[in-house]
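Tertiary structure, described
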Amino acid sequence: MDTFIQQIFNGLTVGSVYSLFALGLTLVYGILHIPNFAHGALYMVGGYITLMMMTHAGLHYVLAIFISVIVVGLLAVLMERVVFYPLRNTPPLQDKIAAIGIMLFLEALIQFIWGAEYRSMPTPFGRVVEFLGITVTTQRILIIAAAVIIMLLLYLFLKKTMTGAAIIAMSQNREGAFLSGINANKTAMLTFFISGALAAVASSISAPINLVFPGMGHLVILKAFVIIIIGGMGSIPGAIIGGYILGFSESLGAAFISNDYKDLIAFILLIMILTLRPKGLFAREVQ
Amino acid sequence: MLRTIGLTKKFGGLTAVDNVDFTIEKGMITAIIGPNGAGKSTFFNLISGLHPPSGGKIFFNNRDITSLKPYQTARLGIARTFQTTHLFEQATVLENVMIGHRLRTKSGIWDAVFKTKRLKREEKAAREKAYEALEFTGLVGTADRLVSDLSQEEKKRTAIALALATEPQIIFLDEPAAGINPEETEKLGQLMKQMVSKGITVCLIEHKMQLVMSLADRIMVLNHGKKIAEGTPDEIKNDDAVIRAYLGGGKSA
Amino acid sequence: MSVLFDSRFLSSALLIFSVLFPFLTDNQYFLHVLSLAFIWAIAVYGLNLIGGYTGQLSLAHAGFFGVGAYSAGLLMVKGGMNFWPALAAAVLITTVLGFFVGLIALRTKEHFFAIYTLCVGYIIYLIIYKWEGLTEGVRGLIGIPSPAPIGPITFDTPQSQYYLLLFFLVFVIFIMKRIVHSLIGRTYMAIRNSEELAETIGINAMKHKMISFVLSTSFAGLAGALYASFVRFIGPDIAYVNIIFDMLTYLIVGGIGTLSGPLIGTIFIVSVSQSLQFLEELRMLIFGPLLIALIIFYPRGIAGGIQSLLHKRKKTLQIRKGLRQSAAVEEGK
């Protein structure tokens with residue numbers, strides 16, 4: 001029973017990271033219909049910036065995350081301007097390939113600057129506490145708390161502000177949004193900024209329990225795609241729920257099936273879903 | 001020739017086509033009109049099999065084709081064009097139209113690799129059929145030009161030629177006259193009449209009322225997915241329900 | 001001048017050159033690099049068939065390459081099989097796997113297809129990586145034998161291996177050419193162009209996508225099997241995402257959806273990256289932006305660019321001819 005509770009807690013931790021990360025991916029997909037394969041690279045860069053701010057500049061963890069969020073957010077905007085914007089009217093093949101190009105470029109760049117070795121990230125939240133009968137580090141509690149707070153803030157932003165409403169409107173109906181005078185360029189840039197920022201937070205809070213290395217975004221981006229297919233491409237609640245579904249299935253699968261193959265769970269889930277429903281789990285038929 | 005009974009299509013909560021009974025007579029030009037969003041294109045999509053209907057039945061030459069896929073309805077002799085032409089812009093007009101005969105050929109990958117007699121014969125047939133269709137649509141002179149170099153109106157005719165190359169019994173044209181000038185519109189009307197005289201039944205969606213009224217033998221009017229009127233052009237002109245739909249009844253009229 | 005652009009002339013010249021190449025150089029290293037490029041080109045032709053001509057961007061082809069390589073490698077190393085039956089079996093295994101993957105994957109469209117196949121590719125990588133009992137995992141499979149002799153013909157020198165690979169490449173290009181220039185190729189292009197339109201003119205898109213996909217996976221499998229026997233060592237990395245990106249780069253640079261594109265792109269990039277070898281994994285610092293720039297400014301690649309240039313030339317020639325004719329008519333009056 002203890003393992004079970006422990007694994008539920010782990011699932012909650014991992015799921016929080018997945019949800020945060022998948023949120024950015026789904027926002028961008030909802031607005032620009034780009035499956036942004038480079039989103040994983042943003043995650044990776046986010047981890048590195050935070051780490052380097054701490055080890056090289058000696059900043060506090062929280063401050064380092066803050067800088068990382070800004071930098072990666074701007075990097076995402078740059079990506080949109082330089083690559084995706086010029087490709088907006090080309091066949092769908094092109095932007096996918098370009099996105100993969102960005103991903104591998106950023107990985108090579110980071111490796112060029114900081115090397116290929118695996119690094120661990122120190123954290124001021126390393127204390128171990130007893131909690132509901134299980135032992136956890138405060139870092140894991142931080143992950144869950146931070147994720148929930150950020151998701152709430154994002155929700156409030158999207159629902160209660162004009163800019164947020166514009167993002168929602170554009171993701172639901174692009175042409176309609178243009179007609180009602182939404183500045184599409186600004187909205188797209190803002191969406192990319194948010195997606196980059198979320199990726200940076202996700203990697204910075206999870207890095208202390210994982211490792212930082214140039215390929216750290218690969219598995220995460222693949223899983224995020226699985227998540228947004230589960231939750232419906234472009235759906236915000238779907239990304240959150242999907243993230244936690246995957247988090248729980250993985251941590252339970254690791255404990256009760258096989259730790260070696262736990263990374264396969266996501267893909268088996270995906271293959272099952274797309275086999276049964278080729279357009280995704282919550283796809284609506286469109287006219 | 002083609003008959004729908006209670007044909008219905010729902011998208012989520014929206015009913016795009018609502019319980020439509022309709023018959024298309026052989027050898028006639030039938031027009032479907034109605035305000036934007038009335039479900040006209042969806043009606044076409046249901047007949048050609050692009051969308052499975054949510055309810056109702058479709059019969060073609062007394063055969064139930066309700067659940068057939070588009071490629072199957074095409075083989076039975078139902079052709080259609082789209083509002084946007086979707087042609088292969090980097091290929092020539094002839095290359096684009098040739099593929100229309102593909103459904104009457106049997107060559108597979110082995111025929112291609114071994115360049116069999118059958119493939120050669122069928123490619124020749126496809127070329128001939130394509131020329132025939134180009135001649136019919138007055139495009140022989142443009143056969144070797146790239147589609148990307150054509151005018152909008154020529155592209156539309158190429159799309160029609162492609163549909164004709166499938167040797168259809170009935171052709172569905174989705175707004176063939178949209179975006180072309182009055183003179184060309186008149187020629188298009190002539191072309192449709194020629195199709196009929198060649199034994200091809202024509203059904204079109206069109207917004208240009210003048211064209212519809214001068215050309216169509218029968219007209220069906222859709223509004224919010226429902227059939228609100230059906231009859232000859234004269235009957236339609238004087239129909240109260242139609243007038244209401246066009247003059248403020250419909251939200252997007 | 002125009003004879004130089006004649007594709008038959010050009011391809012025969014190229015073929016003669018590649019046959020003579022081993023006699024023109026003593027540099028074994030060049031020969032090695034070119035042989036390797038031939039292998040990759042075969043795989044890229046596969047990718048071009050499904051992605052370039054049929055319009056379905058498969059990101060699983062590095063995985064299929066890996067399946068071909070590991071099938072051949074394992075059958076030879078652990079199964080003690082001779083090269084030739086192992087090669088045939090490897091292609092068959094990859095093709096059968098391709099069939100089953102295609103059956104499900106091709107029901108999805110566009111983004112879903114790309115994501116689905118990316119995941120399939122990753123699963124293949126993960127299985128190769130984790131199934132140590134079979135594949136030796138990250139240690140890799142070593143000691144794969146070179147191609148076995150056929151009667152008196154042996155394949156133990158770099159020259160003979162070069163010719164063997166050249167043979168397979170020419171074979172693949174020949175098949176591709178026959179397909180592309182036939183009604184069958186046009187069928188694929190019609191599907192790429194618009195699946196909806198293709199269906200409404202009577203093309204069973206699923207069936208044709210299936211055939212194209214399965215054939216493309218068998219090309220990838222063939223390339224993988226040849227790679228295993230040529231390099232004689234394989235690790236899980238050959239099935240990784242980076243490989244599919246390499247293949248895409250070759251394809252895009254050469255010209256996606258063109259017959260000569262995969263060959264041009266692969267030989268060009270493979271030779272350039274050999275001279276940039278000091279960069280190793282950092283070569284993406286150059287190739288990443290290069291590829292993005294190409295996609296934005298020059299999406300049709302080298303071969304596509306030449307094609308449209310030729311077409312323009314033909315058009316101006318036609319116009320000139322037309323002018324001359326009308327001038328002649330004027331004079332005749």
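Refer to the structure above for everything that follows.
Throughout this document, residue positions are counted from 1 along each chain, in the order its sequence is written. As a convention, the first chain written is A and the first ligand written is 1, with the rest following in written order. Confidence filtering applies because this is a predicted model: local features only for residues at pLDDT of at least 70, side-chain atom pairs given and counted only at 80 or more, and all residues used for totals across whole chains, interfaces and linings. Processing note: side-chain calculations cover all non-hydrogen atoms of the structure and skip hydrogens and water entirely.

Observations regarding the sheet that holds strand β2 (residues 14-24) of chain B
Residue and element names in this part refer to chain B. By definition, two strands form a pair when at least two bridges between them are found by DSSP. Helix and strand assignments follow DSSP, with helices taken as H or I runs no shorter than four residues and strands as E runs no shorter than two, numbered in order from the N terminus. In spatial order, the strands read β2-β1-β4-β5; together these 4 strands make up an open sheet with antiparallel pairing. Sheet topology places β2 and β5 (63-64) at the edges, where each strand pairs with a single neighbour. Where strand β1 (residues 2-11) and strand β4 (residues 55-60) come together, 5 bridges link them in antiparallel fashion. Bridge assignment links Thr4 to a residue of β4, and that residue is Ile58. Note on definitions: a residue-residue contact is assigned when non-hydrogen atoms from the two residues lie within 4.5 Å. Only C-alpha atoms enter the line fits that serve as axes; for helices the fit covers just the stretch in contact. Angles between N-to-C directions range over 0 to 180 degrees. Relative to the sheet, helix α1 (residues 40-48) contacts β1, β2 and β4, its axis offset from that of β1 by approximately 115°.

With respect to the sheet that holds strand β10 (residues 226-231) of chain B
Residue and element names in this part refer to chain B. Here we have 6 strands laid out as an open sheet, ordered β6-β7-β8-β3-β9-β10, and mixed in their pairing. Taken across any chain shown, the strands that pair with only one partner, and hence form the sheet edges, are β6 (78-80) and β10. Neighbouring strand axes in the sheet, compared pairwise and without regard to direction, differ in orientation by 20° on average. Two strands pair when backbone bridges link them, and strand β7 (residues 170-174) and strand β8 (residues 201-205) are joined in this way by 5 bridges, in the parallel orientation. Of the residues in β8, the one forming a bridge with Asp174 is Ile205. Across the face of the sheet, helix α7 (residues 182-197) comes into contact with β3 (29-33), β7 and β8 while running at roughly 150° to β8.

Considering the interface of chain A and chain C
Each partner contributes to the interface: chain A provides 44 residues, whereas chain C provides 39 residues. Between chain A and chain C lies a buried interface of about 3,900 Å² when both sides are counted; carbon and sulfur atoms form 81% of it. Between Lys or Arg on one side and Asp or Glu on the other, a salt bridge is scored when a side-chain nitrogen of the former is within 4 Å of a carboxyl oxygen of the latter. For the pair chain A and chain C, the interface holds 0 salt bridges. Polar contact is defined as a pair of N or O atoms within 3.5 Å, subject to the rule that within protein one atom must be able to donate a hydrogen and the other to accept it, and that residues adjacent in sequence are counted only when both atoms are side-chain atoms. For the interface between chain A and chain C, the tally reads 3 residue pairs in polar contact (both at pLDDT 80 or more). Mapped onto the side of chain A that touches chain C, the elements with two or more residues apiece are α3 (61-84), α4 (92-114), α9 (217-231) and α11 (262-276) of chain A. Among the elements that line the side of chain A that touches chain C, the one with the most residues is α4(A), at 16 residues. Split by residue class, the side of chain A that touches chain C holds 33 nonpolar, 7 polar and 4 charged. Accessible area, probed at 1.4 Å, shrinks when two parts are joined; the buried area is that loss added up over both. Under the grouping applied here, Gly and all other residues not named as nonpolar or charged are polar, the nonpolar ones being Ala, Val, Leu, Ile, Met, Phe, Trp, Tyr, Cys and Pro and the charged ones Asp, Glu, Lys and Arg.

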